[in-house]
Amino acid sequence: MVKGLPQKMFLGQDYRSPLSAKVFSSWDFCIQGQEAATIKKHEISNEFKVELEEGRHLLMVQHQTRAQRACHLLTYLRVNILIGLLVVGAISAIFWATKYSQDNKEESLFLLLQYLPPGVIALVNFLGPLLFVFLVQLENYPPNTEVNLTLIWCVVLKLASLGMFCFSLGQTVLCIGRNKTSCESYGYNACDYQCWEDSVGEELYKLSIFNFLLMVAFTFLVSLPRRLLVERFSGRFWAWLDREEFLLPKNVLDIVEGQTVTWMGLFYCPLLPLLNSIFIFLTFYIKKYTLLRNCRASPRPFRASSSIFFFQLVLILGLLLAAAPLGYVVSSIRSSWDCGLFTNYSAPWQVVPELVALRLPPPSQRILHYLGSHAFRFPLLILLSLVLTVCVSQSQASARAIRGLRKQLVWQVQEKWHLVDDLSRLLPEPGSGDSLGPESSHSRGSRPRSLCPGFPCPGSPGPRPPRPEPSLEDPAGLRGAPVPIRRCRFPSGSEL
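Residues numbered from 1 in each chain as written. Predicted model: local features only at pLDDT ≥ 70, side-chain atom pairs only at ≥ 80, totals over all residues. Heavy atoms only, no water.

Caption draft 1: Representation of the overall build of the protein chain within the structure. Check the secondary structure of the protein chain and you find 17 helices and 2 strands. Of the contacts formed within the protein chain by residues at least 6 apart in sequence, a portion of 71% connects residues at least 24 apart. Counting every atom, the protein chain has about 32,800 Å² of accessible surface; 66% of that belongs to carbon and sulfur. (Helix = DSSP H or I, 4+ residues; strand = E, 2+ residues; numbered from the N terminus. Contact = heavy atoms within 4.5 Å. Areas by Shrake-Rupley, 256 points an atom, 1.4 Å probe, with all protein chains shown as cover.)

Caption draft 2: Examining the environment of Leu-135 more closely. Within the fold, Leu-135 resides in helix α6 (residues 116-137). Distance in space between the C-alpha atoms of Leu-135 and Arg-78 is 10.0 Å, their sequence separation being 57 residues. Setting aside residues no more than four positions away along its own chain, Leu-135 makes contact with Val-79, Leu-82, Ile-83 and Leu-86.

Caption draft 3: Inspection of the nonpolar core at higher detail. The biggest cluster of nonpolar side chains holds 44 residues, and the ones touching the most others in it are Ile-83, Phe-132, Phe-165, Trp-196, Leu-204, Leu-253 and Tyr-268. Those elements that provide at least two residues to this core are α4 (66-103), α6, α7 (143-173), α9 (196-232), α11 (248-264) and α13 (308-332). The element best represented in this core is α7, accounting for 11 residues. In this structure, Ile-83 is in contact with Phe-132, Leu-135, Val-136 and Trp-153, ignoring residues within four places of it in sequence. (Core = buried A, V, L, I, M, F, W, Y, C linked by side-chain atoms within 4.5 Å. Buried < 20%, exposed > 50% of the residue type's maximum accessible area, 1.4 Å probe, protein only.)

Caption draft 4: Seen up close, the pattern of salt bridges. Under the counting rule described, the total for this entry stands at 10 salt bridges. Ionic pairing is found between Lys-40 and Glu-43, a salt bridge with its closest N-O pair at 3.9 Å. Of the two residues, Lys-40 and Glu-43 are both situated in helix α3 (residues 34-62); the distance of 3 residues between them amounts to about one turn of the helix. Judged by its relative accessible area of 17%, Lys-40 is buried. Judged by relative accessible area, Glu-43 falls into the partly exposed class, the value being 42%. With a shortest N-O distance of 2.5 Å, Glu-231 and Arg-243 are connected by a salt bridge. With Glu-231 in helix α9 and Arg-243 in the loop between α10 (236-241) and β1 (244-245), this residue pair connects regions lying 12 residues apart in the sequence. On the basis of relative accessibility, which here comes to 45%, the residue Glu-231 falls in the partly exposed class. One network of salt bridges, in which partners are shared, links Lys-158, Lys-250, Asp-254 and Glu-257. (Salt bridge = Lys/Arg side-chain N within 4 Å of Asp/Glu carboxyl O.)

Caption draft 5: Region of the structure containing the state of the cysteines. What the rule picks out here adds up to 1 disulfide. The disulfide that involves Cys-195 links it to Cys-339, with 1.8 Å between the sulfurs. With a gap of 144 residues between them, Cys-195 in the loop between α8 (181-186) and α9 and Cys-339 in the loop between α13 and α14 (351-359) connect regions that are remote in the sequence. Both residues of the pair, Cys-195 and Cys-339, count as buried. (Disulfide = S-S within 2.5 Å.)

Caption draft 6: Spatial organisation of the packing of α7 against α13. In contact at an axis separation of 11 Å, α7 and α13 are set at 15 degrees when each is read in the N-to-C sense. In terms of axis orientation, α7 runs roughly parallel to α13. With respect to the hand of their crossing, α7 and α13 are arranged in right-handed fashion. Taking contact as the criterion, the partners of Leu-151, Ile-152, Val-155, Leu-159, Leu-162 and Gly-163 in α7 are, on α13, Phe-310, Phe-311, Val-314, Leu-317, Gly-318 and Leu-321. (Axes fitted to C-alpha atoms, helices over the stretch in contact; angles between N-to-C directions. Parallel < 35°, antiparallel > 145°, perpendicular 65-115°, else oblique. Left-handed = near helix turned anticlockwise from the far one by under 90°.)

Caption draft 7: Seen up close, a nonpolar patch on the surface. Together, Leu-82, Leu-86, Leu-123, Phe-126, Leu-127, Leu-130 and Leu-131 make up a nonpolar patch on the protein surface, roughly 600 Å² of accessible area in all. Secondary-structure elements contributing two or more residues to the nonpolar patch are α4 and α6. Take the nonpolar patch: its biggest share by element is 5 residues, from α6. Within the secondary structure, Leu-123 is located in helix α6. (Patch = residues over 30% accessible without salt bridge, like charges linked within 9 Å, V, L, I, M, F, W, Y side chains within 5 Å.)

Caption draft 8: Quick peek at the UniProt feature "transmembrane region" (unreviewed entry) in the protein chain. UniProt records the feature "transmembrane region" (unreviewed entry) for residues 76-97, 109-138, 150-170, 204-224, 265-286, 307-328 and 378-397 in the present numbering. Between the end C-alpha atoms of residues 150-170 there is a gap of 30 Å, over a span that is 100% helix and 0% strand. Annotation note: span residues 378-397, helix share 100%, strand share 0%, distance between end C-alpha atoms 29 Å. (UniProt positions renumbered as here; feature names shortened; annotations may be inferred.)

Caption draft 9: Structural context of the packing of α6 against α9. One way to put it is that α6 packs onto α9 with a least axis distance of 9 Å and a crossing angle of 50 degrees. Considered as vectors, α6 and α9 are oriented oblique to each other. Seen from above, α6 lies across α9 with right-handed handedness. Facing Pro-118, Gly-119, Ile-121, Ala-122 and Phe-126 of α6, the residues of α9 in contact are Lys-206, Leu-207, Phe-210, Asn-211, Leu-214 and Phe-218. Along the lines of polarity and charge, the residues of the contact of α6 with α9 split into 8 nonpolar, 2 polar and 1 charged. (Nonpolar A, V, L, I, M, F, W, Y, C, P; charged D, E, K, R; others polar.)

Caption draft 10: Expanded view of the packing of aromatic side chains. Under the defined criterion, the tally for this structure stands at 18 aromatic pairs. Among the aromatic residues, those joined into a cluster by ring pairs are Trp-196, Phe-267, Tyr-268 and Phe-342. A cation over an aromatic ring shows up here: Lys-206 above the ring of Tyr-115, its NZ or CZ 5.9 Å from the ring centre. The ring centre of Trp-337 lies 3.8 Å from the NZ or CZ of Arg-334, which sits over that ring. (Phe/Tyr/Trp six-rings, centres within 6.5 Å; stacked < 30°, edge-to-face > 60°. Lys NZ or Arg CZ within 6 Å of the ring centre and 35° of its normal.)

If you want it as structure tokens, here you go:
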């Protein structure tokens, strides 16, 4: 994750590498197999498509009028407000589904109601990205920005749905925001949940198992029949339907969601990481079969190299989302009276000070007490602040140095071409000599050589137009009057 920070921080959002650099340096000459070469060709083609589309969109934005910019801003606000309302409605549906499922445990349809929250979460995560893709396309962004905005809204939806699921469970089981007699006496809803840790673990088990079963069912009951029907029949409808489009960001976010659920269940269900490892192993081969047999490539170009940092950031956000409620439960919530390992403690964290006092020698205890005291926290906070200040200052200085080097490169290229132009004015023209024969080796050697052999340098004025050939009707053209030399126009820094 740290590898992507210098590129994002130093180059900035407005920096775009020249297309010529990608043309001459994209190919990997270590490739030997035909399959690897084909994959590399598609990757380079994808990069060119993204670059050209972003360049076209940048030109369109530069030529927009004020009225067009105002209309685009209104469309942006309208679409994002609509997406925000959809996210709020989705997490509200998850909250009421969880609440209804927990409040109706005694009914005869409880076997179906207990899978109502996972079903609503799966439905929200399936319909939400489809709506986001359609709505974000209305804003007329370049492909890379469009994919990133869709990913951001999908991440907000997935993390918000998991957060609301945890909050609704906490409100029902731990009486967060509710006043009950059993809650005041025991610290949790002891009437309905005698072992509340097991109840929370059951919900997380059901959520993880339901997501895996839904993925398997969708692969073999939807994607596979769709592919068989498209290959068997022909027509406008089947051509429009086509195979399923394999969306790499959606599949990655599904794995991140499963990992977040696993982190949430570390305290309540210790076997959930083992179960999730088995699910990930099976998911890999199922997704591989789906990608190679049932799906088609996405028509929208996707730059995967710039999204690795984003996926890792989402994984860290999922870890924080799982650690916040888990830390609150371990440090502040009363354990179950009837079951569990911490029935004699006011909170599970109380075991740690007791074990430290019983098992560690006095010097180790004094060291731990000092590390947990304010005498150690405040100097550590000041030291971390100084280190952070130094890192930020160094990054800003590096960014200023890079901007200065860019300007210096532009100036050097302009100066070199100015010298080339002055030298070309001092040298004799090819047709001004006494002999009409081929050029001598001395004249060829005295000419300025190209600064960038093989291709034009950045900032170069371009090739000169060919000199007109002397005609037979005008023999004086052989000794024609000297043609005034035109000075080259030097490009500005924005053109480079």
